[in-house]
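# Notes for the structure review
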Protein chains: 2
Amino acid sequence: MTLNPADPAFEAALRADLSPDVFREVEPRYLEEPRGLYAGKSAVLALPRTVEEVATLIRHANAARVGVIPYGGGTGLVGGQVAESGPAPLILSLERMNKLRAVYPDENVLVAEAGMILSDVQAAAETADRLFPLTLAAQGSARIGGNLATNAGGTGVLRYGNARDLCLGLEAVLPDGQIWNGLTRLRKNNTGYDLRHLLVGAEGTLGVITAAALKLFPRPAKTGTALLVVNSPAAALKLLSLARSQLGEMISAFEIMNGVGLDFLTEKMPELRQPFDTPPEWSVLIELGLSGELDPMASLETLFAAAFEADLVTDGLIAQSQQQSEDFWAVREMMPHANRQIGSISSHDISVPLGALPEFIIRAGEKVTALGDFRINCFGHVGDGNLHYNVFPVQGRSREDHLDDRGAIKAAIHDLVHELGGSISAEHGIGRLKVKDLERYSDPAKLSALHAIKAALDPKGIMNPGAMFPAPE
Amino acid sequence: MTLNPADPAFEAALRADLSPDVFREVEPRYLEEPRGLYAGKSAVLALPRTVEEVATLIRHANAARVGVIPYGGGTGLVGGQVAESGPAPLILSLERMNKLRAVYPDENVLVAEAGMILSDVQAAAETADRLFPLTLAAQGSARIGGNLATNAGGTGVLRYGNARDLCLGLEAVLPDGQIWNGLTRLRKNNTGYDLRHLLVGAEGTLGVITAAALKLFPRPAKTGTALLVVNSPAAALKLLSLARSQLGEMISAFEIMNGVGLDFLTEKMPELRQPFDTPPEWSVLIELGLSGELDPMASLETLFAAAFEADLVTDGLIAQSQQQSEDFWAVREMMPHANRQIGSISSHDISVPLGALPEFIIRAGEKVTALGDFRINCFGHVGDGNLHYNVFPVQGRSREDHLDDRGAIKAAIHDLVHELGGSISAEHGIGRLKVKDLERYSDPAKLSALHAIKAALDPKGIMNPGAMFPAPE
């Protein structure tokens, strides 16, 4: 069952049913992705403005058996948005469906079209004195439909959950071109299998999300930020437990950073103000968002004192101003940029059960060291058990010197993650990068169910071919 | 594609592969359900002790094309656990798989077998100084596997979510007898379609849940309870908004009650201590769970004062003791029992968007009144937009006098719910009671996707036949 190319005859058929300005020449940006691992070839580009236009496009693609690549902000890190091989696809960009459809402050709900940029969604919530808590590095260009299709994570997950947890309802076009109007704003709705949870995280392989009803939250009355130096990842976990016992759900972020990452910042971004003169080996960035009468400074001081007493932290800073809080966060947020400038040999978006995190860090370090001389920058969302575990060349060498090491490093890390009951893709998804890993590490019953669902809802395999599953032969 | 009966030959084949004590005579309780609407006929009853035994049973049923009814605590309210028609099924009770497999307090995770009773799960969490927040009337006999299969709701949803939101991973047997080991304890795991969210809420139609990894939470340091008299449902919603702005996520429950329900309690349970001498027309039960240094009494007093100032409440009580808090809750929790003693003509577990709640209550009242003389008890989880809207005969008449009115009342309520963008089953599910309603009110694209998924994962239709979908012909 091979797919057909989006050839001139196909494009002519589309143009016969749709306004000419739905189409545009494919610019290179639609055929690239942030890590430069994949490059697309020719394609037909459509930029629909309504769900009906999306449905028309999908119906044509289905009838002609042409692959469809749903395209959001193009910020995905696993190649889900770029078809490198196979017949030329239809690229379906949601960028013109970027309207805020409605805000219901009293319901804590916002309805956004899929092409709305994440930071615009955040801003719309703020205008209504509410919080939309999905927060990630690419928020200035990522679009909410892509965030949902990939079940994006980020720094707010500890408190507010992943993208899927923030979604109440969806409007989507299914692979046969049917429009599913599932845009409910309901908190409870037990009427059959939850299609919303099937489409969220499906990476565009089961249909195209065109709009979503999203959960909003009260904005915390006050926030506080601290940067604490911990003795070890194990101490970081104990600190998290201590913080939770004192502050319950009011911990908005709990991020771990390694000294290697801080050294990278010194090396590549010397202008960035770093909080500590000497980069500590392990530090934790804590953000509190408090309701009611509580004082974040006092809460952080109480936590720091108890953690110091318990030998969990050796040093620490509590932000005394909004500026200082932003400085602390800049260190964390600039880390992926510094990483990219250094150039990783192999990077891993993994999760393990929280209790296995210290063991993972120790054993992964041993395994990588056994393979050669490398620098490891391990940082991330420790409260979620989610680490970005990235391996770099030593100074003076480049990633190109280590192309042959990549496979062995990746296998060592992923095997260990699997052994510890973890996930080889915590928040970035499968895309095209991890198709073989999904096959290799998945439970067989799960894998056969995934294939059955894909075949049932997209029997011709037109939706994002090559993502999540091998491309049709 | 008809199913075959679980006849003596089938039972003999099972017995050849399994220990004799897996089987037991079917007692009447497995063929009844709480509302007495359905009665099962003969069946083979199996009580497996391990997931492997469950898999063996399902493999046999699949090979012989025999229907399987997964059975938890038997407390479901939509007949999902009783096959009234069709060939005799295999009833697969999880009651012996009731072990607590593990608790990870530092990870805030507990792993329970499906047959564990909900209140035992709550108690196990409490022993580890944690909270498992799923709370519902039947918690003393409902089993966690059934809670997950039906995506149970209850009074804790506003703060902590539905059963699905409390589940990190599942172990389950799929309709072909494969064991899916998806019992991860991960907070982030983006590796393919989320089967967990497909099985949760599938009401046993896609497989049998045998164990689950569940989320725990810090136990709130202090709790507080208040019962406030509000002017109207609209005022109740404004009170919720006000409470949220003051207390953020620390509102654990927000339940509305109607004077008719309080009158029912007076009539049927005169020994129950009622907080107000004269039952108010509308009252709201608020429960706070506070972390840190906050004082619940002071918080409730502040809220009450502001609400009084804003003309939202006219009277109110703040519990001064644990006993008084329990008294307040007893009023709410006894309401379903009183309802059952009065005997409803038609009861509805509906949800609407929060903002549409006052309109729903007014218009539904008008519609019911137009159909005749009835008493309406409308109460429930107003913070979730979820009402139990139950219609009763006037004093001196019985439900049997109104059998002919049931259809018209139900249609009037469900049509209105549908018009307002609501759900005809907020938390109880579809079961056998609402199969036709699901067909009638579902979006066509959703309905066709549901059928495709069912056919893909259970092509012979053996899992809970007649629930969610019409029974195979």
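Computed from a prediction, not measured in an experiment: that's the story for all the values here.

Attention now moves to the overall build of chain A. Each helix and strand counted, chain A has 14 helices and 18 strands in total. For chain A, whose C-alpha radius of gyration is 23 Å, the value lies close to the compact-globule estimate of 23 Å for 473 residues. Sequence separation of at least 24 residues holds for 75% of the intrachain contacts in chain A that already meet a minimum separation of 6. When the accessible area of chain A is evaluated, it comes to approximately 17000 Å², of which 51% is carbon and sulfur surface. Each charge class in chain A was averaged separately, 42 positive and 57 negative side chains, and the resulting centres sit 5 Å apart.

Throughout the structure, instances matching the rule amount to 52 salt bridges over all chains. The partner of Arg397(A) in a salt bridge is Asp401(A), with the nearest N and O atoms 3.8 Å apart. Of the residues examined, Asp401(A) reaches a relative accessible area of 41% and is grouped as partly exposed. Among the ionic pairs, Lys454(B) bridges to Asp458(B), the shortest N-O distance being 2.8 Å.

Looking now at the environment of Ala16(B). Residue and element names in this part refer to chain B. Topologically, Ala16 is positioned in helix H1 (residues 8-17). Take Ala16: its relative accessible area is 66%, and that puts it in the exposed class. Separated by 10 residues in sequence, Ala16 and Val26 have C-alpha atoms that sit 19 Å apart.

All names here are of chain A. A full pass over the atoms with the stated rule returns 12 aromatic pairs over all chains. Here Phe360 and Tyr389 contribute two aromatic rings whose centre-to-centre distance is 5.3 Å and whose plane-to-plane angle is 75 degrees, an arrangement assigned as edge-to-face. On the criterion of sequence distance, the pair formed by Phe360 in helix H11 (residues 357-371) and Tyr389 in strand S18 (residues 386-393) is long-range, its members being 29 residues apart. In this structure, Arg185 is placed above the aromatic ring of Tyr104, and the distance from its NZ or CZ to the ring centre is 3.7 Å.

What follows concerns the sheet that holds strand S1 (residues 23-24) of chain B. Residue and element names in this part refer to chain B. An order of S1-S2-S4-S3 is seen for the 4 strands of this open sheet, with the pairing classed as mixed. Looking at strand neighbours, the two that pair on one side only are S1 and strand S3 (68-71), the edges of this open sheet. Lying on the sheet, helix H2 (residues 51-64) is in contact with S1, strand S2 (44-46), S3 and strand S4 (90-93); it crosses S4 at an angle near 165 degrees.

Residues and elements named next belong to chain A. As far as domains go, chain A holds domain 1 (100-218), domain 2 (220-332) and domain 3 (343-428). Every contact between the two is made by 7 residues of domain 1 and, on the other side, 13 residues of domain 2. In total, about 700 Å² of surface goes out of reach between domain 1 and domain 2, with carbon and sulfur atoms giving 54% of it. Area buried by domain 1 at its contact with domain 2 is led by Thr155, Leu158 and Arg159, which between them contribute 84% of it. Counting across the interface, domain 1 meets domain 2 through 0 salt bridges. The tally of links from domain 1 across to domain 2 stands at 4 residue pairs in polar contact (both at pLDDT 80 or more). A per-element tally of the side of domain 1 that touches domain 2 places helix H5 (residues 157-160) first, with 3 residues. Counted by class, the side of domain 1 that touches domain 2 contains 4 nonpolar, 2 polar and 1 charged residues.

Those residues carrying the UniProt feature "domain: FAD-binding PCMH-type" (unreviewed entry) are residues 38-219 of chain A in this numbering. Annotation note: span residues 38-219 of chain A, helix share 21%, strand share 24%, distance between end C-alpha atoms 39 Å.

Residues and elements named next belong to chain A. Viewed as axis vectors pointing N to C, helix H1 (residues 8-17) and helix H2 (residues 51-64) meet at an angle of 145 degrees, and their least axial separation amounts to 10 Å. The hand of the H1/H2 crossing is right-handed. Across from Phe10, Ala13, Leu14 and Asp17 in H1, the residues of H2 making contact are Thr56, Leu57, His60, Ala61 and Ala64. Across the contact of H1 with H2, the residue classes break down as 6 nonpolar, 2 polar and 1 charged.

Quick look at the sheet that holds strand S9 (residues 179-182) of chain B now. Residues and elements named next belong to chain B. Pairing in this open sheet of 5 strands is antiparallel, and the strands run S5-S6-S10-S8-S9 from one edge to the other. Every other strand in the sheet has two partners, leaving strand S5 (100-104) and S9 as the edge strands with one partner each. Taking each pair of neighbouring strands and ignoring which way they run, the sheet shows an average axis angle of 15 degrees. Bridge count between strand S8 (residues 167-173) and S9: 4 bridges; the pairing is antiparallel. Bridged to Ala172 within S9 is Trp180.

Least-squares fitting of chain A to chain B yields an RMSD of 0.0 Å, with the superposition described by an axial translation of 0.0 Å and a rotation of 180 degrees. The symmetry that links the two subunits is that of a two-fold axis.

Turning next to the nonpolar core. Residues Phe132(A), Ile144(A), Leu148(A), Phe132(B), Ile144(B) and Leu148(B) are the most contacted members of the largest nonpolar core, which totals 144 residues. Filtering out sequence-adjacent residues up to four positions away, Ile144(A) remains in contact with Ala112(A), Glu113(A), Ala114(A), Met116(A), Leu118(A), Val121(A), Phe132(A), Leu134(A) and Leu214(A). Grouped together as the second largest cluster of nonpolar side chains are 102 residues, Val284(A), Ile318(B), Phe360(B) and Tyr389(B) included.

What follows concerns the interface of chain A and chain B. Between chain A and chain B, the contact holds 83 residues from the first and 83 residues from the second. At the boundary of chain A with chain B, total buried surface from both sides reaches about 6200 Å², with 57% on carbon and sulfur atoms. When the buried area of chain A at its contact with chain B is split by residue, Lys188(A), Asn190(A) and Tyr193(A) rank highest and sum to 17% of it. Counting across the chain A and chain B interface gives 8 salt bridges.

Residue and element names in this part refer to chain A. With 14 residues, helix H9 (residues 296-309) extends 20 Å between its outermost C-alpha atoms, agreeing within 8% with the 20 Å of an ideal straight helix rising 1.5 Å per residue. Among the residues of H9, Pro296, Ser299, Leu300, Leu303 and Ala307 are the ones counted as buried. Projected down its long axis, H9 carries its buried residues within an arc of 95 degrees, all on one side. Looking at the buried residues of H9, the elements they touch are strand S12 (222-230), helix H7 (233-247), strand S14 (282-290) and strand S15 (313-318). Put simply, Asp295 is the residue that caps the front of H9, since its side-chain oxygen is 3.1 Å from the backbone nitrogen of Met297.

How each quantity is defined
- Residues numbered from 1 in each chain as written.
- Chains lettered and ligands numbered in written order.
- Predicted model: local features only at pLDDT ≥ 70, side-chain atom pairs only at ≥ 80, totals over all residues.
- Heavy atoms only, no water.
- Helix = DSSP H or I, 4+ residues; strand = E, 2+ residues; numbered from the N terminus.
- Rg over C-alpha atoms; globule rule 2.2 N^0.38 Å.
- Contact = heavy atoms within 4.5 Å.
- Areas by Shrake-Rupley, 256 points an atom, 1.4 Å probe, with all protein chains shown as cover.
- Lys, Arg positive; Asp, Glu negative; His and termini not counted.
- Charge placed at Lys NZ, Arg CZ, Asp CG, Glu CD.
- Salt bridge = Lys/Arg side-chain N within 4 Å of Asp/Glu carboxyl O.
- Buried < 20%, exposed > 50% of the residue type's maximum accessible area, 1.4 Å probe, protein only.
- Phe/Tyr/Trp six-rings, centres within 6.5 Å; stacked < 30°, edge-to-face > 60°.
- Lys NZ or Arg CZ within 6 Å of the ring centre and 35° of its normal.
- Pairing = 2+ DSSP bridges.
- Axes fitted to C-alpha atoms, helices over the stretch in contact; angles between N-to-C directions.
- Domains from an automatic or database assignment.
- Buried area = accessible area lost by both parts, 1.4 Å probe.
- Polar contact = N/O pair within 3.5 Å; in protein donor to acceptor, adjacent residues only side chain to side chain.
- Nonpolar A, V, L, I, M, F, W, Y, C, P; charged D, E, K, R; others polar.
- UniProt positions renumbered as here; feature names shortened; annotations may be inferred.
- Left-handed = near helix turned anticlockwise from the far one by under 90°.
- Least-squares fit on C-alpha atoms with pLDDT ≥ 70 in both.
- Core = buried A, V, L, I, M, F, W, Y, C linked by side-chain atoms within 4.5 Å.
- Expected span 1.5 Å × (residues − 1).
- Arc of directions from axis to C-beta.

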